[in-house]
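Next come the chains, spelled out residue by residue.
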Amino acid sequence: MPLQIYKRGRVYWAKGWIEYNGRPIAGPYRRSTKASTEEGARDWINHETERQIRRYVVGDEPSKTFSDAIMLYNASPKAAKQLIPIVEAIGDLSLGAISGALLKSLGPKLKPKASTDTWWREIVTPASAVINNSHELEGTPLIRVKPYDKFERIAQDKRRGKLSRVERTPADKEWIEAFCRAADPYNAALVRFMFETAARIDQAVSLEPDDLRPHENKVRVKAQKGHPESWITVSPQMMDELLALPPKRPKNRKTGKLMKARVFGYGSSTGYNTRWKTICRRAGIPYLSAHPAGRHGFFTELVVRQGVDPVTAAKAGRWSDPNLPMRIYAHAETDEADIRARFRTNHVQDDPVQSPKQQKSHKE
């Protein structure tokens, strides 16, 4: 029976055989086309039929290598930089010979002093994206990689002598006010803006004068981390602070050219670090980077300190799933000793109300 399609749930599947000159040459098939439309499923069948007939007539084509897959992948500048050492290590290997274990083993070789989280983010993830992109386009093998487990993470932390996943200290209102008293107007407004809106540092420093709508108290933040560009509401006091800052044109450190005017005057997401360390030292407070001062401080302030429900807080901070900030951005602030002391506290209990029958029983 030639290949036919049928719907299973929301996806179309293919079953049957691929024939050539009336003779079955591949099959039997019973697999998902991964298409949600009939047209997409027929496109998959046509592509698969052409591939199998070509294989039957001229034989197996040379296996595609990782270097071949790279040529099919539209990498961002950041991903391209991450892929360079990976290509040098496994570029000549066929895609079918690359396993999840092989990708994970590149971490100790390419970045021996990094954490397993860094290995996953900068080696396994971009390499898997290249291989699976080739699978989508050319039908080459798909790859799935099991994440590093906690034992692998702890062992690598021990080897490099440094803990990963150290819990961040979120900012609170007292830290924010102490910082702002010691800061210049630009950095004071920057930290207040991130603490109030949960904006990421790159979103904050990218603000331009046209991103402000004073009459609506709205600010446009650029797309990031899978979330689209959006207009967010700020307090009237925050908008007044932003409008009071004369825009500055920062210099591009790589080209030396002046960039477009920006609200906070920074040209990159790392330019604030040195200045903030100086401000914190002057204020006599511990240094916090932008992320714990902003997003971590925002969620902990609302949920832990003010009791706002996590769903509302997550929506205000532009998290699509409230479970993520509850797991990562909400920080408990009760002292551990206080928790232990609760087990030693003698609770005063009221005498239960006794019925006349019980009172008579006690007298007897």
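Sequence order as written defines the numbering, with residues in each chain counted from 1. Note on the predicted model: pLDDT of at least 70 is required for a residue's local features to be given, and 80 or more for side-chain atom pairs to be given and counted; whole-chain, interface and lining totals, by contrast, use all residues. The basis for every side-chain value is the complete set of heavy atoms in the structure, and neither hydrogens nor water enter the calculation.

In the nomenclature of an unreviewed UniProt entry, the chain is known as Phage integrase family protein of Cognatiyoonia sediminum.

1. Quick look at the overall build of the chain
Here is the rule: The helix and strand labels rest on DSSP assignments: H or I over at least four residues marks a helix, E over at least two residues marks a strand, and numbering proceeds from the N terminus. Exposure is judged per residue with a 1.4 Å probe applied to protein chains only, and the accessible area is read against the type maximum: over 50% gives exposed, under 20% gives buried, and values in between give partly exposed. The protein chains shown are the only cover counted for residues, whose accessible areas, like all others here, come from Shrake-Rupley with a 1.4 Å probe.
Secondary structure summary: the chain contains 16 helices and six strands in total. Counting all 364 residues of the chain, 36% fall into the buried class. On the chain, roughly 23,100 Å² of surface is accessible, and the fraction owed to carbon and sulfur atoms is 51%.

2. A few points about helix α5 (residues 116-138)
Let me state the cut-off plainly: Expected span of a helix: the number of residues minus one, times 1.5 Å. Throughout, a residue-residue contact means that at least one pair of heavy atoms, one from each residue, lies within 4.5 Å.
Taking 1.5 Å of rise per residue, the 23 residues of α5 would be expected to cover 33 Å, and the 31 Å separating its terminal C-alpha atoms lies within 8% of that figure. Those residues of α5 that fall on the buried side of the exposure criterion are Thr 116, Thr 118, Trp 119, Ile 123, Val 124, Pro 126, Ala 127, Ser 128, Val 130, Ile 131, Ser 134 and His 135. The secondary structure elements touched by the buried residues of α5 are β3 (23-35), α2 (66-72), α3 (77-90), α4 (100-110) and α6 (150-160). Residue Gly 139 follows α5 closely and has a positive phi angle near 75°.

3. Section: the side chain of Arg 318
Selection rule: When charges are counted, Lys and Arg are positive and Asp and Glu negative, with His and the chain ends excluded. Any carboxyl oxygen of Asp or Glu within 4 Å of a side-chain nitrogen of Lys or Arg constitutes a salt bridge here. Two N or O atoms form a polar contact when they lie within 3.5 Å of each other; inside protein one atom must be a possible hydrogen donor and the other a possible acceptor, and for residues adjacent in sequence the pair counts only when both atoms belong to side chains.
Summarising the element assignment, Arg 318 is placed in the loop between α13 (310-316) and α14 (323-328). Despite its burial, Arg 318 pairs with no opposite charge; the closest candidate is Glu 196, at 9.9 Å N-O. For Arg 318, the side chain forms a polar contact with the main-chain oxygen of Ala 198, separated by 3.4 Å. Discounting residues that sit within four places of it in the chain, Arg 318 has contacts with Thr 197, Ala 198, Ala 199, Gln 203, Val 221, His 227, Ser 230, Ile 232 and Arg 295.

4. Side note on the sheet that holds strand β4 (residues 212-213)
Operational definition: For two strands to be treated as a pair, DSSP must find no fewer than two bridges joining them.
In space, the three strands of this open sheet follow the order β4-β5-β6, with antiparallel pairing throughout. Every interior strand has two partners, whereas the edge strands, β4 and β6 (230-233), have only one. Of the strand pairs in this sheet, strand β5 (residues 218-221) and β6 are connected by four bridges, and their pairing is antiparallel. When the bridges of β6 are listed, Lys 218 appears paired with Thr 233.

5. A few points about the sheet that holds strand β1 (residues 4-8)
Test applied: For every element, the axis is a line fit to its C-alpha atoms; helices are fit only across the contacting stretch, and the angle between N-to-C directions ranges from 0 to 180 degrees.
The sheet built from three strands is open, its strands ordered β1-β2-β3 with antiparallel pairing. The two strands at the open ends of the sheet, each matched to only one other strand, are β1 and β3. Each adjacent strand pair in this sheet contributes to an overall mean axis angle of 15°, direction not counted. Bridge analysis of strand β2 (residues 11-20) against β3 gives eight bridges, and the strand direction is antiparallel. Its bridge partner lying in β3, Glu 19 is registered against Pro 24.

6. A short note on the pairing of β2
Sheet topology places β1 next to β2; five bridges connect them, and they run antiparallel. If you follow Tyr 6 over to β2, its bridge partner there is Trp 13. Hairpin connection from β2 to β3: two residues lie between these consecutive antiparallel strands, with Asn 21 at a positive phi of about 55°.

7. Describing the pattern of salt bridges
Within the structure shown, the criterion is met by 12 salt bridges. Notably, a salt bridge pairs Lys 104 with Glu 152, separated by 3.6 Å at the nearest N-O pair. Note that Lys 104 is positioned in helix α4 and Glu 152 in helix α6, a separation of 48 residues in sequence. With a shortest N-O distance of 2.8 Å, Asp 211 and Arg 220 are connected by a salt bridge. Given the relative accessible area of 24%, Arg 220 is considered partly exposed.

8. Re the nonpolar core
Threshold: The definition of a nonpolar core used throughout is a set of buried Ala, Val, Leu, Ile, Met, Phe, Trp, Tyr and Cys residues joined through side-chain atoms within 4.5 Å.
Counting 41 residues, the largest nonpolar core has Trp 175, Phe 179, Phe 193, Val 219, Phe 264 and Trp 276 as its most contacted members. Among the elements of the structure, α7 (173-182), α8 (185-197), α9 (201-205), β5, α10 (236-243), α11 (273-283) and α12 (290-305) are those that each provide at least two residues to this core. Of the residues forming this core, the biggest block, eight residues, is contributed by α8. What Phe 193 contacts, discounting residues up to four positions off in sequence, is Ala 198, Ala 199, Ala 204, Leu 207, Val 219, Val 221, Ile 232, Val 234, Met 238, Leu 242 and Phe 264. Membership of the second largest hydrophobic core comes to 19 residues, among which are Phe 66, Ala 114, Val 124 and Ala 127.

9. Quick notes on the side chain of Asp 184
Turning to its location among the elements, Asp 184 is positioned in the loop between α7 and α8. Separated by 2.8 Å, the side chains of Asp 184 and Asn 187 make a polar contact. If we skip the residues at most four places from it in the chain, Asp 184 touches Arg 275 and Ile 279.

10. Side note on α11
What counts is decided by this rule: The directions considered for the arc run from the helix axis to the C-beta atoms.
Looking at α11, one finds that the buried residues are Trp 276, Ile 279 and Cys 280. All buried residues of α11 lie within an arc of 100° about the axis, which places them on one face of the element. Along α11, exposed side chains directed more than 90 degrees from the buried face belong to Thr 274 and Arg 281.

11. What to know about the packing of aromatic side chains
Using the following cut-off: Centre distance within 6.5 Å is the pairing criterion for rings of Phe, Tyr and Trp, where only the six-membered ring of Trp is used; planes under 30 degrees apart are then read as stacked, over 60 as edge-to-face, and the remainder as tilted.
Counting across every chain of the model gives nine aromatic pairs. Pairing Trp 120 with Tyr 148 gives two aromatic rings, centres 6.3 Å apart and planes at 80°, and the pair type is edge-to-face. On the criterion of sequence distance, the pair formed by Trp 120 in helix α5 and Tyr 148 in the loop between α5 and α6 is long-range, its members being 28 residues apart. Residue Trp 120 is classed as partly exposed on the basis of its relative accessible area, which comes to 27%. Taking relative accessible area as the criterion, Tyr 148 reaches 14% and is therefore assigned buried.

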